[in-house]
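This is what each chain is made of:
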Amino acid sequence: MKIEDWRDEIDRLDEQLVQLLNARSQCAIELGRIKRELGLAIYSPDREREVIAHVTGINPGPLDRTAVRRLFERIIDESRRIERVTVEKESKGDNNGKRKKKAKT
Amino acid sequence: MVIVMDETATEEQISGVIDKLVRLGFDIHRSTGVRHTVLGAVGDREIDWRDIELLEGVKEVLRITAPYKLASRGFRPEGTQITIKDVTIGGREVVVMAGPCTVESRDQVMNIAEIVARNGAKVLRGGAFKPRTSPYSFQGLGEEGLKYLRQAADRNDLLVVSEVMEPSQIPLFIRYVDILQIGARNMQNFNLLREVGRINKPVLLKRGPAATIEETLLAAEYIMSGGNHEVIICERGIRTFEPYLRNTFDIAAIPVFKKLSHLPVVADPSHATGRRDKVPPVAQAAVAAGADALLIEVHHDPENALCDGAQSLLPDQFEQLMHRMRLIAMAVDREVAPGVEAVVK
């Protein structure tokens, strides 16, 4: 394959990565909502350790263990952030008297 | 803020620091290194960083942002220009503020105002209320002195800068002067800083003889946080171990202030050196270093001056210095106003 072909391949994989990262973030947003309702802290160190252990455990390479760890540290940083932003945004809604209607089942 | 964890920090200690920072509202960028874990704390929260430094497992806390905001260069990257009547401080012109240390009489100040105006100065300086080291030294003429300054300045088309010593004097100063000076000894008189922060006249803030650059900019922040953004920072020498001159002029503080802050910077070589023969070289260096203005003491009869005669330039010395500063200003893309034949109205 030529340089252009490899670059095209990288672009295609990046597109998948962006989709996957956003899908993962959506989970974090939902998780943030639940944490807020239950009054739980956004930061759960034990769970973050589990995530790192999981991804480094299933890592087939060629990325080494520490590289996977560093990459996921950044992903976790952003998850924590989006959870915080979600919690703050929705708590602010409550304070303004615009309490969101809870779905009645 | 960047937190560097100890080499021996446990995972629990790292979690403890992240937990604390998350509770404080920061977002964390964690980076686990071979030896040290580094935590980047991202957020616009005001915290006492020592609280983080004291947490277990923390090796070092590095502050990234300055503790001052309004005074920081980032607040106004293009720089601040302060225009009073037809004089702009912080522009291309290096504005010269000159006059006696103290107003002694109407004649004295009239005489000196005419000399400095003729040589291209734009602002008349002079003390009416003097913060003297000894209570037995001449303390100034008070309101009468301010009146003489105003009359002399108006007659010679000059602005007036004079030192205000306490909040109760502010209304009086507003009536007579164009720029209120906060003296070096009052740089951390926070009550006075807050009061001049509420007025809408420019303030010339002198760096304290033992104040760091950061402390000086925080003093400017006090004034600016009250709504008055027209602050001019003055470097006037600091205390060091060198006893030869009155103070050590911190020449590098000029470019440092200019880099850290958007505020105009004025240099005071008279108080920095305390000796008239040392004033011209330091004044020239200050122009070369990028000062936006100079504050220079001039006296027509320094032998008989009531205050700081030794550091006042004689009229012909001032004339020669102005000529040299014009040449130096050209070399650094600035200018010093030319002398004029007669401005007396």
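A brief structural summary. (Residues numbered from 1 in each chain as written. Chains lettered and ligands numbered in written order. Predicted model: local features only at pLDDT ≥ 70, side-chain atom pairs only at ≥ 80, totals over all residues.)

## Here's the deal with the sheet that holds strand β12 (residues 231-235) of chain B
Residues and elements named next belong to chain B.
Part 1: The eight strands are arranged β7-β8-β9-β10-β11-β12-β13-β14 in a closed barrel whose pairing can be described as parallel. For this sheet, the mean inter-axis angle between neighbouring strands, taken without regard to orientation, is 25 degrees.
Part 2: Here strand β7 (residues 95-99) pairs with strand β8 (residues 123-125) via two bridges, running parallel. Across the sheet, Met97 pairs through a bridge with Val123, a residue of β8.
Part 3: Across the sheet, helix α3 (residues 106-118) lies against β7 and β8, angled at about 155 degrees from β7, the strand it touches most.
Part 4: Lying over the sheet, helix α4 (residues 143-155) contacts β8 and β9 (159-163), oriented at roughly 160 degrees with respect to β9. (Pairing = 2+ DSSP bridges. Helix = DSSP H or I, 4+ residues; strand = E, 2+ residues; numbered from the N terminus. Axes fitted to C-alpha atoms, helices over the stretch in contact; angles between N-to-C directions. Contact = placed C-beta atoms within 7 Å.)

## Considering the nonpolar core
All names here are of chain B.
Part 1: Ranked by size, the top nonpolar core spans 85 residues in total, and within it Leu205, Ile232 and Leu294 carry the most contacts.
Part 2: Beyond its immediate sequence surroundings of up to four residues, Ile232 is in contact with Ile82, Ile89, Pro202, Leu204, Leu205, Leu263, Pro264, Val266 and Ala293.
Part 3: If you look at the next biggest cluster of nonpolar residues, it comprises 12 residues, including Val17, Ile18, Leu21 and Val22. (Core = buried A, V, L, I, M, F, W, Y, C linked by C-beta atoms within 7 Å. Buried ≥ 20, exposed ≤ 12 C-beta atoms within 10 Å, placed from the backbone.)

## A short note on helix α10 (residues 279-289) of chain B
Residues and elements named next belong to chain B.
Part 1: Among all positions in α10, only Val279, Pro280, Ala283, Ala286 and Val287 are buried. The buried residues of α10 occupy an angular sector of 125 degrees when the element is viewed end-on, so they sit on one face.
Part 2: One or two positions beyond α10, positive phi appears at Gly290, with a value near 105 degrees. (Arc of directions from axis to C-beta.)

## Topic: the pairing of strand β2 (residues 27-32) of chain B
Residues and elements named next belong to chain B.
Part 1: Bridge analysis of β2 against strand β3 (residues 37-42) gives six bridges, and the strand direction is antiparallel. Counterpart to Ile28 in the pairing with β3 is Ala41.
Part 2: Between β2 and β3, which follow one another and run antiparallel, lie four residues.

## A look at the packing of α3 of chain B against α4 of chain B
All names here are of chain B.
Part 1: Packing of α3 against α4 brings their axes to within 9 Å, and their N-to-C directions diverge by 30 degrees. With respect to α4, the axis of α3 lies roughly parallel. Once α3 is placed against α4, the crossing between them reads as right-handed. Contacts between α3 and α4 involve Arg106, Val109, Met110 and Ala113 from the former and Tyr148, Leu149, Ala152, Ala153 and Arg155 from the latter.
Part 2: In terms of residue class, the contact of α3 with α4 is made up of seven nonpolar, no polar and two charged. (Parallel < 35°, antiparallel > 145°, perpendicular 65-115°, else oblique. Left-handed = near helix turned anticlockwise from the far one by under 90°. Nonpolar A, V, L, I, M, F, W, Y, C, P; charged D, E, K, R; others polar.)

## Some words on the interface of chain B and chain A
Part 1: Residue-level contacts link 10 residues of chain B with 10 residues of chain A.
Part 2: Those elements that place two or more of their residues in the side of chain B that touches chain A are α1 (11-23) and β2 of chain B.
Part 3: With six residues, the top contributor of residues to the side of chain B that touches chain A is β2 of chain B.
Part 4: Among the residues making up the side of chain B that touches chain A, the classes are represented as three nonpolar, four polar and three charged.

## Quick look at unusual backbone geometry
Part 1: Note that the residue after Gly61 of chain A, namely Pro62 of chain A, is joined by a cis bond; omega there is 10 degrees.
Part 2: Positive phi is not limited to glycine here, since Lys85 of chain B has a value of about 50 degrees.
Part 3: Residue placement: Lys85 of chain B occurs in the loop between β5 (82-84) and β6 (87-89).
Part 4: Phi is positive for Asp333 of chain B, which is not a glycine, with a value near 60 degrees.
Part 5: Relative to the assigned elements, Asp333 of chain B resides in the segment after α11 (315-331).
Part 6: The class for Asp333 of chain B is exposed, based on 7 C-beta atoms found within 10 Å.

## Thoughts on the sheet that holds strand β4 (residues 58-62) of chain B
Residue and element names in this part refer to chain B.
Part 1: Strand order in the open sheet formed by four strands is β2-β3-β1-β4, with antiparallel pairing between adjacent strands. Bordering the open sheet on either side are β2 and β4, each of which pairs with just one other strand. Looking at each pair of strands side by side, their axes are set apart by 20 degrees on average, direction ignored.
Part 2: Across four bridges, strand β1 (residues 2-5) lies against β4 in antiparallel orientation. If you follow Met5 over to β4, its bridge partner there is Val58.

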